[in-house]
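Each chain, letter by letter, is given below.
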Amino acid sequence: MYTALHSHGVVELGLPVSRLEAAVYPWLDRGGKWSSVAQMAASFKGRGIVMASGVWHSKLALHAATVVRQLGCHLPIELYYSGEADLPAQIRAVLETVPGLKTVDLSTIVDTVSPGVSGWAVKPYAMLVSSFEEIIFIDADALFFQRPDVLFESAAYRETGAVFFMDRTLYPGAETASRQFFLDMVPQPSEYAHRAGRLVPRLSIHEGESGVIVWDKRRSLHAMLLSCVMNSSPYRDEMYKAYHGDKESYWIAHEALNMPYRWLPGGGGAIGFVKANTLNLANPITICGGLYHTDEQWRPLWFNGGIMRNKYTTQGQVGMNLTHWAVDRTFRGTTWEWETDDMPFCLTPEQPGRDIGKLTADERDVADMMLRVWIEQNPSAPQP
């Protein structure tokens, strides 16, 4: 807040800035929690995990948060929802049995009605208004092999304060609405987007996924604000035609504002099991399972989609015994088989002998823990 001790010029500047903020971020002033973006940013403290869930994902969120605690990570967790109907009290009570997890109604902090904040759009708002200064956003169905807080120690995070992960490499060479939307918004992409990305050089129609995002909110504040705007109506109406929800908005916001960010290595891979028709080969060539990501040393870090073969179908509710992984090191030469009712996505990498590996004994222990916790929390779930 400006005071009489400030110069006359600064006081005069205050009114236009406040009006500008009210015009660009009208949803921010709800319940009188903050009077300005600066006041909101000043309230950020410490490190924490941010999640978002409605009823449909609540069992997955409970599982993911429990796995985080089983790994020995004690960062506080704020799980956001949008109104009572989105996540009723009885489900919130179950989620809050996870030590250090509290649920937060986003609609009591920002105006969720005018910008149409629901579903995917809850995620950028949750990250922005969370109480933490440094955050790891974890999707409800994202499961970790390592403690999530190791991400704060990565070189990518130390250098930029903004770390993202890539989606699957699909349809190289295609000219699609996804690339055109990006170029319309960012006519001059960064050198990093040309060198390290896939969308600009037409290596894939997808770039990022938003299952895990790591942000230093002070360094990345303006990109976070822009990602909220991009996921608000009416702007998101066009973006969601080009992309699958919110997933590309975060790195694009950094590109649009010429702010640094980093991808962790590789396109999205697969972690799960060897495809049945390759079991008899000396070296497997196809791995089926969740959307897989590594750390900077290419070690298993996390995967998206939950422990089930296909969370969307009745036949896919079977839990997976995780034994193998496959990575996409070069964004070239990969073959994906689409998920079916009873099978997850399957990846045949460019060089199976180089790009497929087995989980270590310690990693198998973590995988077994994931499956055990899922069955304990969902005793009626089909056994693998």
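Bear in mind the structure is a predicted one, so any value in this text is a computation, not a measurement.

Student: Is there a simple way to explain the overall build of the protein in this structure?
Tutor: The helix and strand inventory of the protein stands at 13 helices and 15 strands. For a compact globule of 384 residues, the expected C-alpha radius of gyration is about 21 Å, and the protein comes in at 21 Å, within 12% of that figure. For the protein, with 384 residues in total, the buried portion stands at 59%. Of the contacts made within the protein by residues no fewer than 6 positions apart, 74% connect residues no fewer than 24 positions apart. Of the roughly 16400 Å² of accessible surface on the protein, a fraction of 55% belongs to carbon and sulfur atoms.

Student: Hey, could you run me through the pattern of salt bridges in this one?
Tutor: It is possible for side chains bearing opposite charge to pair when their charged atoms get close. Following the criterion strictly, the structure yields 24 salt bridges and no others. The closest approach of N and O atoms between Arg-372 and Glu-376, which form a salt bridge, is 3.9 Å. With Arg-372 and Glu-376 both in helix α13 (residues 361-377) and four residues apart, the pair spans about one turn of that helix. Among the residues examined, Arg-372 registers a relative accessible area of 42% and is labelled partly exposed.

Student: Just checking my understanding: could you explain the state of the cysteines for this structure?
Tutor: When the sulfur atoms of two cysteines share a covalent bond, that bond is a disulfide. Taken as a whole and assessed by the stated rule, the structure comprises one disulfide. Across a sulfur-sulfur distance of 2.0 Å, Cys-288 and Cys-346 are joined as a disulfide pair. Linking Cys-288 and Cys-346, the disulfide has an S-S dihedral of approximately 105 degrees and is accordingly described as right-handed. Residue Cys-288 is located in strand β10 (residues 287-294), and its partner Cys-346 is located in strand β14 (residues 346-348); the two are separated by 58 residues in the primary sequence. Pair check on accessibility: Cys-288 and Cys-346 agree, each one buried.

Student: Help me out: how do you make sense of the sheet that holds strand β3 (residues 101-105) in this one?
Tutor: Through backbone hydrogen bonds, the strands of a sheet pair up, either in parallel or in antiparallel fashion. Strand order across the open sheet formed by seven strands is β3-β2-β1-β4-β7-β6-β8, with mixed pairing between neighbours. Two strands bound the open sheet, and with one partner strand each, they are β3 and β8 (262-263). Pairing geometry for strand β6 (residues 162-166) and β8, over two bridges, is parallel. Bridging from a neighbouring strand, Val-163 pairs with Arg-262 of β8.

Student: It is not clear to me how the packing of helix α5 (residues 122-129) against helix α9 (residues 221-230) should be interpreted in this structure. Could you clarify?
Tutor: Direction vectors running N to C along α5 and α9 enclose 150 degrees, while the axes themselves pass 9 Å from each other. Judged by the angle between their axes, α5 and α9 are roughly antiparallel. Considering the relative orientation of α5 and α9, their crossing is left-handed. Taken together, the residues of α9 that come into contact with α5 (itself represented by Pro-124, Tyr-125, Met-127 and Leu-128) are Leu-221, Met-224, Leu-225, Ser-227 and Cys-228.

Student: I would appreciate a short explanation of the pairing of strand β9 (residues 267-274) in the present structure.
Tutor: Regular strands place their side chains on alternate faces of the sheet. With eight of eight residues buried, β9 is to be regarded as a mostly interior element. The sheet contact formed by β9 and strand β12 (residues 324-328) spans four bridges and is antiparallel. The partner of Gly-272 across the bridge, within β12, is His-324.

Student: Would you take a moment to explain the pairing of strand β11 (residues 300-304) for this structure?
Tutor: Of all five residues in β11, five are buried, a share of seventy percent or more. With two bridges connecting them, strand β5 (residues 143-144) and β11 associate as antiparallel partners. Residue Phe-144 lies in a different strand from β11, and its bridge partner there is Trp-302. Summarising the sheet, β10 and β11 pair through four bridges and their orientation is antiparallel. Bridge assignment links Thr-294 to a residue of β11, and that residue is Pro-300. The antiparallel hairpin formed by β10 and β11 contains five residues in its connecting segment, where Trp-298 sits at a positive phi of about 65 degrees.

Student: Which parts of the structure should I look at to understand the environment of Thr-313?
Tutor: Looking at where Thr-313 falls in the secondary structure, it is placed in the loop between β11 and β12. For the pair Thr-313 and Asp-342, spaced 29 residues apart in sequence, the C-alpha separation works out to 7.5 Å.

Student: What's the story with the nonpolar core in this structure? I'm lost.
Tutor: What tends to happen in soluble globular proteins is that the nonpolar side chains get buried as a cluster. Membership of the largest hydrophobic core comes to 60 residues, with the highest contact counts inside it found for Met-51, Phe-145, Leu-151, Val-212, Ile-307, Leu-322 and Met-370. Other than its neighbours up to four places away in sequence, Val-212 contacts Ile-136, Phe-137, Ala-142, Phe-144, Leu-151, Phe-165 and Trp-302. In this structure, Tyr-80, Ile-135, Phe-164 and Trp-215 belong to the second largest nonpolar core, which totals 59 residues.

Student: Sorry, what's going on with the environment of Ala-93 here?
Tutor: Among the structural elements, Ala-93 can be located in helix α4 (residues 89-95). Residue classification places Ala-93 among the partly exposed positions, given a relative accessible area of 46%. For Ala-93 and Thr-103, which are ten residues apart along the polypeptide, the C-alpha to C-alpha distance reads 8.7 Å.

Student: Any chance you could explain the packing of α9 against helix α11 (residues 249-256) here in plain terms?
Tutor: If you want to describe how two helices pack, look at the angle between their axes and the distance between the axes. Running from N to C, α9 and α11 cross one another at 120 degrees; their axes reach a closest spacing of 8 Å. It follows that α9 is oblique to α11 by the angle criterion. Crossing geometry of α9 relative to α11 is assigned as right-handed. Contacts between α9 and α11 involve Ala-223, Leu-226, Ser-227 and Met-230 from the first element and Ser-249, Tyr-250, Ile-252, Ala-253, His-254 and Ala-256 from the second. Grouping the amino acids of the contact of α9 with α11 by side-chain chemistry returns seven nonpolar, three polar and no charged.

Student: So what exactly am I meant to see when it comes to the layout of surface pockets here?
Tutor: Space left empty within the atom packing is revealed by a probe, the size of a water molecule, rolled over the atoms. Estimates place the volume of the largest pocket at around 1100 Å³. Mapped onto the lining of the largest pocket, the elements with two or more residues apiece are β2 (77-81), α5, β7 (208-216) and β10. A class-by-class count of the residues in the lining of the largest pocket yields 16 nonpolar, 16 polar and twelve charged.

Parameters and conventions
All chains use their own residue numbering, which begins from 1 and follows the written sequence. Residue-level local features of this predicted model are given only where pLDDT is at least 70; pairs of side-chain atoms are given and counted only at 80 or more, and the full residue set underlies all totals for whole chains, interfaces and linings. The basis for every side-chain value is the complete set of heavy atoms in the structure, and neither hydrogens nor water enter the calculation. Where helices and strands are cited, they refer to DSSP runs of H or I of at least four residues and of E of at least two residues respectively, numbered from the N terminus. Throughout, the radius of gyration refers to the C-alpha atoms, and the reference size of a globule is 2.2 Å times the residue count to the power 0.38. Buried, partly exposed and exposed residues are distinguished by accessible area as a fraction of the type maximum, computed with a 1.4 Å probe on protein chains only: under 20%, between the cut-offs, and over 50%, respectively. Two residues qualify as a contact provided that any one of their heavy atoms is within 4.5 Å of a heavy atom in the partner residue. Surface exposure here means Shrake-Rupley accessible area, sampled with a 1.4 Å probe, where a residue is shielded only by the protein chains that are shown. Put simply, a salt bridge is a Lys or Arg side-chain nitrogen that is within 4 Å of an Asp or Glu carboxyl oxygen. In plain terms, two cysteine sulfur atoms within 2.5 Å form what is called a disulfide here. Here, a strand pair is defined by DSSP locating no fewer than two bridges between the strands. For helices, the fitted line uses only the C-alpha atoms of the stretch in contact; every axis is such a line through C-alpha atoms, and the angle between N-to-C directions lies from 0 to 180 degrees. Roughly parallel here means an angle under 35 degrees, roughly antiparallel means over 145, roughly perpendicular means 65 to 115, and every remaining angle is called oblique. Here is the rule for handedness: rotate from the far helix to the near one, and if that takes an anticlockwise turn smaller than a right angle the crossing is left-handed, while a clockwise turn gives right-handed. We define the nonpolar core as a collection of buried residues of types Ala, Val, Leu, Ile, Met, Phe, Trp, Tyr and Cys that are connected through side-chain atoms lying within 4.5 Å of one another. The classification used treats Ala, Val, Leu, Ile, Met, Phe, Trp, Tyr, Cys and Pro as nonpolar, Asp, Glu, Lys and Arg as charged, and all other residues, Gly among them, as polar. The way it works is a 1 Å grid over only the protein atoms, where trapped points that fit a 1.4 Å probe form a cavity and open points with protein on both sides within 12 Å along at least five of seven lines form a pocket, and then any residue with an atom within 4 Å of a point lines it. Grid points are joined across faces, edges and corners, and a volume is the space filled by probe spheres set on the points.

What is shown is where atoms sit, not what they do.
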